[in-house]
Amino acid sequence: AQKVTQAQTEISVVEKEDVTLDCVYETRDTTYYLFWYKQPPSGELVFLIRRNSFDEQNEISGRYSWNFQKSTSSFNFTITASQVVDSAVYFCALFTLIQGAQKLVFGQGTRLTINP
Amino acid sequence: DTGVSQDPRHKITKRGQNVTFRCDPISEHNRLYWYRQTLGQGPEFLTYFQNEAQLEKSRLLSDRFSAERPKGSFSTLEIQRTEQGDSAMYLCASSLADQTAWALHFGNGTRLTVT
């Protein structure tokens with residue numbers, strides 16, 4: 001079965017601090033995709049990044065960076081120099097290509113609060 | 001591209017009533033998904049369609065729930081004889097069934113409150 005675990009339920013930091021959100025996944029599939037979504041207070045799920053299982057290169061986009069380690073089944077997300085606008089719930093998700101079960105499986109989410 | 005549209009945004013109903021939600025996906029997307037999200041939890045998969053075919057249904061989708069996508073475009077999710085436990089945000093998402101995509105685009109959701 002597919003499973004995503006986000007062990008950190010809530011994180012609170014002061015603005016400008018760096019923060020890392022952890023994500024661990026389980027799947028027997030060899031081909032899969034990992035995602036991060038942001039859910040601000042307004043409620044919509046905003047797509048942040050997609051990685052496939054064959055690409056372990058880390059990625060940086062502005063203040064955001066992602067560390068994918070297949071050996072530990074982890075896909076962690078770091079925000080550098082956090083800002084108040086980064087406050088949201090962040091979800092890690094796994095998409096597998098099993099025939100008839102091609103869907104996103106989400107973790108429980110991490111509520112991130114950035115304090116001024 | 002106007003994004004995924006869901007209607008209504010909010011629905012308050014009394015226990016035992018039937019409700020129906022509508023989702024309009026991004027026009028060229030052939031996959032459409034329904035998810036449910038309760039407070040403090042991640043979205044949980046309910047069902048998905050490829051074109052008009054319903055390819056998978058979660059065990060969460062009891063016989064009181066039915067989803068349709070009659071022409072492979074918009075979809076409806078109906079809940080019959082609502083219960084208080086059905087109170088949640090119902091999210092719709094669409095995507096291309098394409099290995100270069102596999103990114104679900106979500107709508108703003110329909111928040112259901114059953115009193």
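Quick look at the structure, then. Computed from a prediction, not measured in an experiment: that's the story for all the values here.

A few words on the interface of chain B and chain A. In this complex, chain B contributes 22 residues to the contact, which on the side of chain A involves 20 residues. Buried surface at the junction of chain B and chain A, both sides included, amounts to about 1700 Å², of which 51% is carbon and sulfur. For the pair chain B and chain A, the number of links is 1 salt bridge. Between Lys103 of chain A and Glu56 of chain B there is a salt bridge; the shortest N-O distance is 3.0 Å. Taken together, the connections running from chain B to chain A amount to 5 residue pairs in polar contact (both at pLDDT 80 or more). Mapped onto the side of chain B that touches chain A, the elements with two or more residues apiece are strand E4 (31–37), strand E5 (44–50) and strand E6 (53–57) of chain B. Counted by class, the side of chain B that touches chain A contains 12 nonpolar, 7 polar and 3 charged residues.

What follows deals with the pairing of strand E12 (residues 110–115) of chain A. Note on strand geometry: in a regular strand, side chains alternate between the two faces of the sheet. All names here are of chain A. Side-chain alternation along E12 places Thr110, Leu112 and Ile114 on a buried face and Arg111, Thr113 and Asn115 on a face that remains uncovered. Where strand E10 (residues 88–96) lies against E12, 3 bridges are found, and the strand directions are antiparallel. Paired with Tyr90 across the strands is Thr110, a residue of E12.

Quick look at the pairing of strand E8 (residues 64–69) of chain A now. Residue and element names in this part refer to chain A. On E8, burial follows the alternation: Tyr64, Trp66 and Phe68 on one face are buried, whereas Ser65, Asn67 and Gln69 on the facing-out side are not. Pairing geometry for strand E7 (residues 59–61) and E8, over 3 bridges, is antiparallel. Pairing of Ile60 across the sheet is with Ser65, part of E8. Hairpin connection, E7 to E8: the antiparallel pair is bridged by 2 residues, and Gly62 has positive phi, about 65°. One ladder, built from 6 bridges, connects E8 with strand E9 (residues 74–79); its direction is antiparallel. Bridge pairing in E9 places Phe68 opposite Phe75. Where E8 folds back on E9, the antiparallel hairpin that results is connected by 4 residues, among which Ser73 adopts a positive phi of roughly 50°.

On to the state of the cysteines, then. One pass over the full model with this rule turns up 2 disulfides over all chains. Paired through a disulfide, Cys23 of chain A and Cys92 of chain A show a sulfur-sulfur distance of 1.9 Å. Its S-S torsion of approximately -65° makes the covalent link between Cys23 of chain A and Cys92 of chain A left-handed. Taken together, the positions of Cys23 of chain A in the loop between strand E3 (19–21) and strand E4 (24–26) and Cys92 of chain A in strand E10 put the pair 69 residues apart, joining distant regions of the chain. For the pair formed by Cys23 of chain A and Cys92 of chain A, the shared burial category is buried. In this model Cys23 of chain B forms its disulfide with Cys92 of chain B; the gap between the sulfur atoms is 1.8 Å. Measuring the twist about the S-S bond at about -70°, one finds the Cys23 of chain B-Cys92 of chain B disulfide to be left-handed. Linking Cys23 of chain B in strand E3 (residues 19–24) with Cys92 of chain B in strand E9 (residues 88–95), this pair joins segments that are 69 residues apart in sequence. Here the two residues Cys23 of chain B and Cys92 of chain B agree in accessibility, since each one is buried.

Moving on: the nonpolar core. The nonpolar side chains of soluble globular proteins are, as a tendency, buried together. Trp36, Phe75, Phe77 and Tyr90 of chain A are the most contacted members of the largest nonpolar core, which totals 23 residues. Only strand E2 (10–14), E3, strand E5 (32–39), E8, E9, E10 and E12 of chain A provide two or more residues apiece to this core. The biggest single contributor to this core is E10 of chain A, with 4 residues. Val89 of chain A together with Tyr33, Leu104 and Phe106 of chain B belong to the second-largest nonpolar core, a separate cluster that totals 21 residues.

Calculation notes
Residues numbered from 1 in each chain as written. Chains lettered and ligands numbered in written order. Predicted model: local features only at pLDDT ≥ 70, side-chain atom pairs only at ≥ 80, totals over all residues. Heavy atoms only, no water. Contact = heavy atoms within 4.5 Å. Buried area = accessible area lost by both parts, 1.4 Å probe. Salt bridge = Lys/Arg side-chain N within 4 Å of Asp/Glu carboxyl O. Polar contact = N/O pair within 3.5 Å; in protein donor to acceptor, adjacent residues only side chain to side chain. Helix = DSSP H or I, 4+ residues; strand = E, 2+ residues; numbered from the N terminus. Nonpolar A, V, L, I, M, F, W, Y, C, P; charged D, E, K, R; others polar. Buried < 20%, exposed > 50% of the residue type's maximum accessible area, 1.4 Å probe, protein only. Pairing = 2+ DSSP bridges. Disulfide = S-S within 2.5 Å. Core = buried A, V, L, I, M, F, W, Y, C linked by side-chain atoms within 4.5 Å.

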